[in-house]
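# Observations on the model geometry
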Amino acid sequence: MSSVNHDNAKGHLDGTTEFIEDRVMMKNEVYVSYIASPYAKAKILERDYRDAKEIEGVLGIWDYRDLSGNLWGNIDADQPILAEAITHYVGEPIAIIAATTVEALESVRKLTLITFEELPSVLNLDEAIEEKDYFGDVQVIKRGDFESAYKSAPLRLSGEYENKAQEHFYLESQAAIAYPVDNDEIDILSSSQNPTEVQYIVAKCLGLKLRQVTSKVKRMGGAFGGKETQSVPFAVMAAFVAFKLKRPARIILSKVDDMIVTGKRHPFKGFYRVGFNAEGIVLGLETKLFADGGAYTDISPSVVQRAILHSDNAYYVKNWSISGVACRTNHHPHTAFRGFGAPQGIALVEQVFDDIAYHLKMDPLSVRERNLYAIDRNNTAPYGQKITQNTLPQIVEKLVNSSNYKQRREAIEAFNRESKTTIKGIGLTPVKFGISFTSRFLNQANALVNIFPDASVQISTGATEMGQGVNTKIAQVVAQTLGVDVSMCKVMITSTEKNHNTSPTAASSGTDLNAMAANLAAMKIKNRLLNLAAQLFLNEGHDAHFEYSVSEAIETSHIYIENGVVINRETNQKMALRELLDIAYKNRISMGDYAFYKTPNLSFDVKKGEGKPFAYYTNCAAVSEVTIDRFSGKTSVDRVEILMDLGRSINEGIDRGQIAGAFVQCMGWVTNENLVYSDKGALLSHSPTTYKIPNIQDIPSDFIINFLDNPYEVDNIRGSKTVAEPPFILGLSIFSAIRHALSSKGFKGNIKIPATAENILMKLESLR
Ligand code: LUZ
Ligand code: MOS
């Protein structure tokens, strides 16, 4: 299909798109904030709010005792909206404040209203691993017999892996406005990927029935997983105040508060042992992953599950033992972030392949190629899912050729032998990413589609628009089905009133699930319309007094709708769609419909670590070339070439944006983005001045994105594959390129993520 513009492209560029904070204040509307814990772990000794209540404009201050329900979390409801006896991380909310001005809120936050007794905290993942303080069970996937494969292997290596956290850095902070309705209902507008969870938890905390809470999301200014769960507490705070005061209430976090209070991409530590032969073929691999889950469960066990399910990445290993678990620390609870554990699981196995290659003095690409999932054999994942329609070998081969990888690698090695000021490196990373929520029940969606007599269409689904273009893609799919221009179709605000019990827009599945449901609803409407058209064409006229019915089985395959015209292929009869719609309306034929979709044939047994968790895989690969300044350690990414298999892309323009954005986001994670905490667990790099995400000058000057001409019929909406998360992981090719550069100067061993200029400089210094 075509590259239709994002439906808010113009507004996003000229600044007219409305986000939550842009909503005009209502008469009587109040501002909401919260009081945060200054300690990583502390006992609350005393709360005395009297000084706060004396500040002009303050309307109230409430804590957990005022909520009907306080604990939330969709795996284990262990996280308080407001801390009770003990606080568990720096920045944790303890009390809600409402005031008529932002200044009054700020004054309250400067007061000392709560006294604490500091308790010993766990701020270091190693300590948590030692203590075995886990969220849930250790998850395991095994195939074959690792121990004997390892023992009998001609060559063996073992090593450690480590990555730090990553801040989501969405441009719009967490935000919500709640409106009281009719004394006993709440309408809540929030910046959330998960309006249904907002509805559930607001109802729970306020002691309401779900029918009393309508949760809406117009759009988000970015999310990346950071609003999959963690928008909930702020929505609850606004809803609580609105319900209590019977006044509209808004909470808009500052960037600094947002960075301090919300969790990030999980830091991981990993340990591996690998047995292999002189050709670089892996005979047995054991990987053990430990994630820093932070203070509460959030969705860490799910993140770990996706991490271990991606520890094979694109490679077949006959004997495998994979395990993973999330550990409790006194940091903000870490959460979903684009890739959802897969980047960490894959980064570990990519490191293993680099380690093997440098041990054997081979090109890491050859080691990767030799272990890649093949098409007709060696194509079952360790958890038993068969890798069908495998495009990995084709992708790697094409990319190696089109990028001139081999010649460039030789040229780089020659350059590195001579150069006194800079060193270069090149890396190729293939990626296989499993598509579907690993929790099977989340793979469902519903949609409501209405067509009006003017042939314009309103579509409602549970998908939330966060800039990724899901609304544009859904509109394109429905427009094509109904035979109208995409400008005639509008995806409406996401609301729990139109679509119930929906999943978060996450796991790259927003379009797959919701466009499928919307298409099914549109098909139902279209079938009725075609049935009516068949009768009208047969009767060669339109008798408005005749009662047409759509219940009879009537052959309609010769009739289609295109560009707003209904056409009989056999007789060449035509009529305007609007005319047909008018007759449908007059004949009491429904012009709206609803549909439900669930991804078929998914099954995964967590205990056995076996089954088919994914509907399909999105495959891709990237080649990156870097230059490192030997005096500053700074890495520049000079050339990038990406090859993506997206089946038949629904919107190549939008997909290209997703690929480039995801890649650059990972570039930040593996190079420059560095979260620094005090030894008391306070985040020090909590604003754009101290936390550097890539900027426009960091984007590779030579940045090629190509789409694979996939030879298979992809069983997904319009033959497309989803795009959102997989290309993030391609940024690991930068990491491989950095290792290549360092190894060519004789550096052996590993480097942690992020490979900041400082880290690289220390490695280079160690070689002097
Ligand atoms: N969220 C979730 C996700 O609940 N389950 C998943 O499998 C997932 N995968 C990626 C991103 N978010
Ligand atoms: Mo996500 S990490 O798909 O919200």
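For the structure given in this document, a descriptive report is provided here. (Residues numbered from 1 in each chain as written. Chains lettered and ligands numbered in written order. Predicted model: local features only at pLDDT ≥ 70, side-chain atom pairs only at ≥ 80, totals over all residues. Heavy atoms only, no water.)

Further remarks concern the overall build of the chain. Of regular secondary structure, the chain possesses 20 helices and 31 strands. A globule of 768 residues ought to have a C-alpha radius of gyration of about 27 Å, and the chain, at 28 Å, matches this closely. Burial status across the chain gives 60% buried among its 768 residues. In the chain, once contacts between residues fewer than 6 apart in sequence are set aside, the share between residues at least 24 apart is 80%. Of the roughly 30,200 Å² of accessible surface on the chain, 50% is carried by carbon and sulfur atoms. If you average the places of the 82 positive and of the 90 negative side-chain charges in the chain, the two averages end up 3 Å apart. (Helix = DSSP H or I, 4+ residues; strand = E, 2+ residues; numbered from the N terminus. Rg over C-alpha atoms; globule rule 2.2 N^0.38 Å. Buried < 20%, exposed > 50% of the residue type's maximum accessible area, 1.4 Å probe, protein only. Contact = heavy atoms within 4.5 Å. Areas by Shrake-Rupley, 256 points an atom, 1.4 Å probe, with all protein chains shown as cover. Lys, Arg positive; Asp, Glu negative; His and termini not counted. Charge placed at Lys NZ, Arg CZ, Asp CG, Glu CD.)

This brings us to the packing of aromatic side chains. For the structure on display, the rule yields 15 aromatic pairs. Taking the centre distance of 6.2 Å and the plane angle of 45 degrees together, the rings of tyrosine 34 and phenylalanine 234 count as tilted. Of this pair, tyrosine 34 sits in strand E1 (residues 30-36) while phenylalanine 234 sits in helix H7 (residues 232-245), placing them 200 residues apart in sequence. Residue tyrosine 34 shares its accessibility class with phenylalanine 234, and that shared class is buried. (Phe/Tyr/Trp six-rings, centres within 6.5 Å; stacked < 30°, edge-to-face > 60°.)

Another aspect to go through is the side chain of arginine 219. Checked against the element boundaries, arginine 219 lands in the loop between strand E13 (213-217) and H7. No salt bridge is formed by the buried arginine 219. Its closest oppositely charged neighbour is glutamate 18, at 5.9 Å. Looking at arginine 219, its side chain comes within polar contact range of the side chain of asparagine 8, at 3.2 Å. Separated by 2.8 Å, the side chain of arginine 219 and the backbone oxygen of glutamate 18 make a polar contact. Once you skip the residues sitting within four places of it in the chain, arginine 219 turns out to touch Asn8, His12, Thr17, Glu18, Phe19, Glu172 and Glu465. (Salt bridge = Lys/Arg side-chain N within 4 Å of Asp/Glu carboxyl O. Polar contact = N/O pair within 3.5 Å; in protein donor to acceptor, adjacent residues only side chain to side chain.)

Before going further, it helps to spend a moment on the sheet that holds strand E31 (residues 702-707). Hydrogen bonds along the backbone pair up the strands of a sheet, which may run parallel or antiparallel. Taken together, four strands build an open sheet; the order of strands is E18-E29-E30-E31 and the sheet is mixed. Across the chains shown, the open sheet's two edge strands, defined by having one partner strand only, are strand E18 (422-435) and E31. Each strand axis lies, on average, 15 degrees off the axis of its neighbour in the sheet, ignoring direction. (Pairing = 2+ DSSP bridges. Axes fitted to C-alpha atoms, helices over the stretch in contact; angles between N-to-C directions.)

Attention shifts here to unusual backbone geometry. For the bond running from isoleucine 753 to proline 754, omega is 5 degrees, close enough to zero to count as cis. Within the element layout of this structure, proline 754 appears in the loop between helix H19 (732-743) and helix H20 (757-766). Of note, lysine 361 is a non-glycine position whose phi angle comes to about 55 degrees, a positive value. Take lysine 361: its relative accessible area is 75%, and that puts it in the exposed class. A positive phi angle, near 65 degrees, is found at asparagine 572, a position not held by glycine.

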